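One letter stands for each residue in the lines below.
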Amino acid sequence: MSDVIVPFERPQSEELTGADRNAPLNIGVVGADGRPRPVRVLLIGGTTDEVGVITGRLEAHAQRSFRVQATDIGELDSATEEVSVDLVLLIASEVGPALASLRILRQRVGEFPVVLIGEPGDWQQRELLVREGATELIGRAELADPGVPLLERAIDWAVERHELQHELRRAREVGRHLAHHDTLTNLPNRQAFRARLRQLLAQARRNRRQLAVLFLDLDRFKHINDTLGHAVGDRLLQEVASRLKSCVRESDMAARRGGDEFNLILADIRRGQDAARVARKVQTALAKPFKLDGAEFYTSASIGISVYPADGRDVETLVKHADIAMYQAKGQGGGTHRFFLPNMNDRALERLELEQSLRLAIERQEFRLHYQPRIDLESGRITGVEALVRWQHPDLGTIHPDEFIPVAEETGLIDGLGAWVLGEACRQAVEWREQGIVLDSVAVNFSARQFRRQRPAEVVRRALEKAGLEPGRLEIEITESAVMQDAGVALESLAELRALGVQVAIDDFGTGYSSLAYLKRFPITKLKIDKTFIRTLLIDPKDAAITEAIVAMAHSLGLRACAEGVETRKQLEFLRAPGCDEVQGYVFSPPLPVEQVTPYLSGERALIPDTTGG
Ligand SMILES: Nc1nc2c(ncn2[C@@H]2O[C@@H]3COP(=O)(O)O[C@H]4[C@@H](O)[C@H](n5cnc6c(=O)[nH]c(N)nc65)O[C@@H]4COP(=O)(O)O[C@H]3[C@H]2O)c(=O)[nH]1
């Protein structure tokens, strides 16, 4: 074996011209430092003269230098063991040895261009040689002719073709990667997740091991996306993806299903609690603030867990059950995990049925509004009513909002339903006015989603205009938790509502976590004390103290205080002392259909506090 080192800087060859000379032949020509390096050539076979001719011609090559190792065809086996080559020149006249050499080369050295220098055989033989790895074929006789730069061209073409093949392979790999990965987060996508889960299930079955599927949905993601824009939402998802990856082992998988939903596979767990540990780890990872665009965001996830084989033996069942468990976690307020339990299935089915009939209910106009009077505690006058929606289900009878508002919220059906409630309440207020019943205000509940939607004031303005109601006669009730979800954005929406002239009450006050700094700045008109405090007012001195404190705080902020859920005369009396302005509750009246409430509003019937409850 000889080793010929050819210096790198070569004068330009007169033989290679035009496109050939400038062709970008990079494979094997660029070293690790980014600088061109000699092309490593393995020259196999040939006579001493031929080896001499070839090395001479390579030395004279215009653009690159070559480092040639020559070996006999018979020594190929041992020669290729430790060489790394960029290009092979194989001299073999017979098809048999040429094919055998090509096969050895492919096995031992791998992928590289091969210029076969031999006797031109028939096309079938040529085809066979190409199939076995010959990139270019030239005749042995042509080597000797210095006037024809066939060898140089063959080398250039071989390298070029090899490079193209290489690029094609890479493009295919990229294509395959894209087909199996989510472009935003670069995590495996849903298809890849399913394929991997199928594979891991087969392994778990063989080895009698357990595995867990986690279904993860970010809490409040839609809110971030809606209010801060998709660009911030996307960056948050990317950051979440990388945190999720760091929570699982190499053998596990973190995948993105789409939107803000992710799946994890824990490939091998000893008991279910191992999955709970990972779920907690994920929550801890997500609890750290996300710094995007110079601002800090917080998110958490609702995680459902299903375990093979207890909760399912196939991909579909395990994913479905983890999804159901995730909904349960979400129902607990998010930021937590739940294991799948068999009875969750029934509840999930019920929910699905509810969702389906809720869609129909809107079309079939099965909703009615009931109105609960609100009374000024000092004068006993009815100041207004709160509109509360009821669903007259054709089979199930009256369904209360606590059962369907959350479903309507999650599915987005609240948009249509909320708009109907608002329009109907405004229309009714105008109808009462036309009957001579003038109320301070009619209150309408706005759900968190309705409020989050951009410009709730616009929806309200249109409803007022359509009904012909003065803005001051409408009160919008928004729960404390909905407002505090993103107090900064709420501040703007509330200001717009107030600018319209409508009144705004914070509902269920005391149950959420109000930032008093924000509360001070909110342009609201009323605080409604949650009925849970009123219920235990006379039993629990702490609730009594909280109620008094809320009334005092409302007054010092220049707001009215309204107590909800007042059921007894004693509660009513208690509320007088701190100067609570208004009350609402069964002690006066439950929410009533319009025909029953109207006589009270018109004064035709008097609203007398109920004494039966004590
Ligand atoms: N224990 C007790 N309860 C009393 C008493 N007086 C009234 N209530 C009930 O307390 C709830 C007060 O409404 P909320 O806090 O706004 O709570 C409402 C509100 O958050 C929501 N909701 C009702 N209608 C609508 C609507 O049109 N849109 C939206 N987004 N939410 C609505 O559903 C919740 C429940 O509504 P309802 O079932 O009508 O329940 C009503 C009412 O019937 C009492 O003395 N004792």
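Going by what an unreviewed UniProt entry lists, the protein chain is known as Phytochrome-like protein cph2 and is assigned to Engelhardtia mirabilis. The record held by UniProt for the protein chain lists under Catalytic activity (unreviewed entry) the comment "3',3'-c-di-GMP + H2O = 5'-phosphoguanylyl(3'->5')guanosine + H(+)".

K.L.:
Just checking my understanding: could you explain the overall build of the protein chain for this structure?
P.N.:
In terms of helices and strands, the protein chain carries 23 helices and 23 strands. Here the protein chain holds 614 residues, and 48% of them are scored as buried. Put simply, of all contacts in the protein chain between residues at least 6 apart along the chain, 69% involve residues at least 24 apart. Accessible surface computed for the protein chain: about 30000 Å², of which carbon and sulfur atoms make up 50%.

K.L.:
It is not clear to me how the pairing of strand 2 (residues 39–44) should be interpreted in this structure. Could you clarify?
P.N.:
Of all 6 residues in strand 2, 5 are buried; the element is thus mostly enclosed. As defined by bridge partners, strand 2 adjoins strand 3 (residues 66–71) across 6 bridges and the pair is classed as parallel. When the sheet's bridge partners are listed, Ile44 is paired in strand 3 with Thr71. With helix 2 (residues 48–59) bridging strand 2 and its parallel neighbour strand 3, the resulting β-α-β unit is right-handed. As paired elements, strand 2 and strand 4 (residues 87–91) share 4 bridges and run parallel to each other. When the bridges of strand 4 are listed, Leu42 appears paired with Val88.

K.L.:
Is there a simple way to think about the pattern of salt bridges in this case?
P.N.:
Once the charged atoms of two side chains with opposite charge are near each other, the side chains can pair. If you walk through the whole model with that rule in mind, you get 35 salt bridges. Here Lys526 and Glu475 are joined by a salt bridge, their closest N and O atoms 2.9 Å apart. Highlighted residues: Lys526 in strand 20 (residues 526–529) and Glu475 in strand 18 (residues 474–479), separated in sequence by 51 residues. Both residues of the pair, Lys526 and Glu475, belong to the buried class. Look at the salt bridges and you will find they share partners, linking Arg374, Asp376, Glu475, Lys526, Arg560 and Glu582 into a network.

K.L.:
Help me out: how do you make sense of unusual backbone geometry in this one?
P.N.:
Trans is the prevailing form of peptide bonds, just as negative phi is the prevailing case for residues other than glycine. With omega at 5°, the peptide bond leading from Tyr308 into Pro309 counts as cis. Take Pro309: it is sitting in the loop between strand 12 (301–308) and helix 11 (315–331). Positive phi outside glycine occurs at Asn186, with the angle close to 65°. In this fold, Asn186 is placed in the loop between helix 6 (150–180) and helix 7 (190–207). A relative accessible area of 43% places Asn186 in the partly exposed class.

K.L.:
Is there a simple way to think about the side chain of Ser101 in this case?
P.N.:
In this structure, Ser101 sits in helix 4 (residues 95–108). The exposure class of Ser101 is buried, given its relative accessible area of 4%. Looking at Ser101, its side chain comes within polar contact range of the main-chain oxygen of Pro97, at 2.7 Å. What Ser101 contacts, discounting residues up to four positions off in sequence, is Ile73, Leu76 and Leu90.

K.L.:
Hey, could you run me through the packing of aromatic side chains in this one?
P.N.:
Ring pairs (aromatic) are described by centroid distance and by the angle formed between their planes. Summed over all chains, the structure comprises 5 aromatic pairs. With a centroid separation of 5.9 Å and 40° between ring planes, the pair formed by Phe367 and Trp391 is classed as tilted. Of this pair, Phe367 sits in strand 14 (residues 367–376) while Trp391 sits in strand 15 (residues 382–393), and the two are 24 residues apart along the sequence. For the pair formed by Phe367 and Trp391, the shared burial category is buried.

Rules and cut-offs
- Residues numbered from 1 in each chain as written.
- Predicted model: local features only at pLDDT ≥ 70, side-chain atom pairs only at ≥ 80, totals over all residues.
- Heavy atoms only, no water.
- UniProt positions renumbered as here; feature names shortened; annotations may be inferred.
- Helix = DSSP H or I, 4+ residues; strand = E, 2+ residues; numbered from the N terminus.
- Buried < 20%, exposed > 50% of the residue type's maximum accessible area, 1.4 Å probe, protein only.
- Contact = heavy atoms within 4.5 Å.
- Areas by Shrake-Rupley, 256 points an atom, 1.4 Å probe, with all protein chains shown as cover.
- Pairing = 2+ DSSP bridges.
- Right-handed = clockwise from strand over helix to strand, strands pointing away.
- Salt bridge = Lys/Arg side-chain N within 4 Å of Asp/Glu carboxyl O.
- Polar contact = N/O pair within 3.5 Å; in protein donor to acceptor, adjacent residues only side chain to side chain.
- Phe/Tyr/Trp six-rings, centres within 6.5 Å; stacked < 30°, edge-to-face > 60°.

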